Amino acid sequence: MTLSDKFQKYGIYALYLTCFICFFSSALTAIFSVIMLVCWLASGTFKNIPLILKENSITLIGIVFCTLLLVGIIYSPAPLEVSLDFFKKYRVLLFIPIVLSLTKGQPNMAGNIVNALLLGYLFVLVNDYLVDFGLITMNKLALKRYGGGFLVIFAYLVLQRSMLEKKRRFLWGGFFLIISYHIFFILNTRTGWLIFIALAVLFISQYFFIKKQLIFYIVSLFLLSGVFYTSHSVQFRVGAAIQNLQNYDIEKKNSRTPIGLRLDWYQNSIELIKEKPVFGYGTGAWEIAQKSLVEGTSTQPATDPHNEFLLTTVQIGFVGLSVLLSLFIDPLLRSFKLIRRKEDAQAFALQATVLFLFIGCFLNSWILSTMPSHIFAFLIVAFYPVRESSRHVSPPE
């Protein structure tokens, strides 16, 4: 094994550790990411970048988006420190071509990346169950998971494993039930519940022919109804959401409820977009622009509108929004290419990855957030590339 091969191997190990640790610590995630980057440079796999860019158009989209943010710093009214800090939160998009070039030609990368993520999520799951059953006290890890709707993607991946690995079907099926209980009875995440339903609909449409789809949709509806009537968390949060919407005053924009605040901020964003629709206010400028807009009113100031699409459009305009939308459209187009190559399982997982982040970005700024953005980037690395070998799974009759 050459020195270059050793550095590549160490870089891949650092990648796995980054996947695992991103659930627990932003600082350690950054450290292992830097180690991976150093090994990428030392191994010489950065020479794969031109080919990676040619073969994987999503890498170019990420680079263009980050370039727009970088240019947006120039005309942003925000302090340079704020703009740079905001820009750095999107650097994960630049990891996609780096990781793809580091891992090019390596066997079983998709499975290993997903396994590393599942292992990290398993630790989160065990911790949350121990806290919920009163076996350990509430801790920072459990507190950080509340509202973790992005964790729902693992329910889909585990359920898919139960379809792919027939010998371990019951093992993965049991794991899916444990995750489902975690989502609906432990996590307080309306976004996560919505994503779960969307992924369930997607999964049924992917893996079953039309004759059975209706049956599974009806069964799923009954199961979700059962969850609603047995989960206090679901009943309370859904009821609160309905009440928030009923009490919301679209004219006053003075809400203090979670949903009402979001609706106020969405309206603020639309007003700001009308002022500077093409290139926006600049990177990191949403908070300053919104604060100036609501000054003298009863609208609550915020750091971002909890909507990635509105945040992007306010800061780098419709130009930036078009690039952001491409970040979702391009993987969908790639999934159809994978299906034509009979790589169904990979294509289906890629579609689920796009769907989970797309919904999350409507209700939160998930690319701005460390954990969901890292999970998205790693899953893109796992499922986006066209590889020589793959698994074909036809829908059951």
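Residues numbered from 1 in each chain as written. Predicted model: local features only at pLDDT ≥ 70, side-chain atom pairs only at ≥ 80, totals over all residues. Heavy atoms only, no water.

**Looking at helix H5 (residues 80–88)**
- Of the residues making up H5, those classed as buried are Ser 83, Phe 86 and Phe 87. Down the axis of H5, the sector holding all buried residues measures 100°, keeping them to one side.
- The elements touched by buried residues of H5 are helix H4 (57–75) and helix H16 (308–340). (Buried < 20%, exposed > 50% of the residue type's maximum accessible area, 1.4 Å probe, protein only. Helix = DSSP H or I, 4+ residues; strand = E, 2+ residues; numbered from the N terminus. Arc of directions from axis to C-beta. Contact = heavy atoms within 4.5 Å.)

**Notes on the packing of H4 against H16**
- Running from amino to carboxyl end, H4 crosses H16 at an angle of 175°, the nearest separation of the two axes being 9 Å. As summarised for this structure, H4 and H16 are arranged roughly antiparallel, according to the angle between their axes. Contacts between H4 and H16 pair Ser 57, Ile 58, Ile 61, Gly 62, Val 64, Phe 65, Leu 68, Leu 69 and Tyr 75 from the former with Thr 312, Gln 315, Ile 316, Val 319, Gly 320, Val 323, Leu 324, Ser 326, Leu 327, Asp 330 and Pro 331 from the latter.
- Of the residues belonging to the contact of H4 with H16, the class tally is 13 nonpolar, six polar and one charged. (Axes fitted to C-alpha atoms, helices over the stretch in contact; angles between N-to-C directions. Parallel < 35°, antiparallel > 145°, perpendicular 65-115°, else oblique. Nonpolar A, V, L, I, M, F, W, Y, C, P; charged D, E, K, R; others polar.)

**As for the environment of Ser 43**
- Residue placement: Ser 43 occurs in helix H2 (residues 26–43).
- Overall, the relative accessible area of 5% leaves Ser 43 in the buried class.
- Here the alpha-carbon distance between Ser 43 and Val 152, two residues 109 residues apart in the chain, equals 35 Å.
- Discounting residues that sit within four places of it in the chain, Ser 43 has contacts with Ser 4, Phe 7, Gln 8 and Leu 102.
- Of the polar contacts made by the side chain of Ser 43, one reaches the backbone oxygen of Trp 40; its length is 3.0 Å. (Polar contact = N/O pair within 3.5 Å; in protein donor to acceptor, adjacent residues only side chain to side chain.)

**So, helix H11 (residues 190–207)**
- Between its terminal C-alpha atoms H11 stretches 26 Å, which fits the 26 Å expected from 18 residues at 1.5 Å a residue.
- Taken as a whole, H11 has its buried residues at Thr 191, Gly 192, Trp 193, Ile 195, Phe 196, Leu 199, Leu 202, Phe 203, Ile 204, Gln 206 and Tyr 207. (Expected span 1.5 Å × (residues − 1).)

**Focus: the pattern of salt bridges**
- Per the stated rule, a full pass over the model turns up five salt bridges.
- For Glu 165, the salt bridge identified is with Arg 161, shortest N-O distance 4.0 Å. As far as burial versus exposure is concerned, Glu 165 and Arg 161 are alike and both buried.
- Three or more residues are tied together by salt bridges with common partners; here these are Arg 161, Glu 165 and Arg 168. (Salt bridge = Lys/Arg side-chain N within 4 Å of Asp/Glu carboxyl O.)

**A short note on a nonpolar patch on the surface**
- On the surface, a cluster of nonpolar side chains totalling about 490 Å² of accessible area is made up of Leu 325, Ile 329, Leu 332, Leu 333, Phe 336 and Ile 339.
- On the secondary structure map, Leu 325 appears in helix H16. (Patch = residues over 30% accessible without salt bridge, like charges linked within 9 Å, V, L, I, M, F, W, Y side chains within 5 Å. Areas by Shrake-Rupley, 256 points an atom, 1.4 Å probe, with all protein chains shown as cover.)

**Regarding the nonpolar core**
- Formed by 116 residues in total, the largest nonpolar core has its most connected members in Phe 23, Ile 113, Ile 153 and Phe 154.
- Residues contacting Ile 153, with those up to four places away along its chain left out, are Leu 199, Ala 352, Thr 353, Phe 356, Ile 375 and Leu 379. (Core = buried A, V, L, I, M, F, W, Y, C linked by side-chain atoms within 4.5 Å.)

**Re the environment of Arg 190**
- Here Arg 190 shows up in helix H11.
- Taking the C-alpha atoms as reference points, Arg 190 and Gly 282, 92 residues apart in sequence, are found 31 Å from one another.
- For Arg 190, the contacting residues outside a window of four places in its chain are Arg 237, Ala 240, Ala 241, Pro 258 and Ile 259.

**Some words on unusual backbone geometry**
- Despite not being glycine, Asn 108 has its phi angle at roughly 60°, a positive value.
- Relative to the helices and strands, Asn 108 resides in the loop between helix H6 (92–103) and helix H7 (109–132).
- Its identity is not glycine, yet His 306 carries a phi of approximately 60°, on the positive side.
- With respect to the secondary-structure elements, His 306 resides in the loop between helix H15 (286–294) and H16.
- We classify His 306 as partly exposed; its relative accessible area is 25%.

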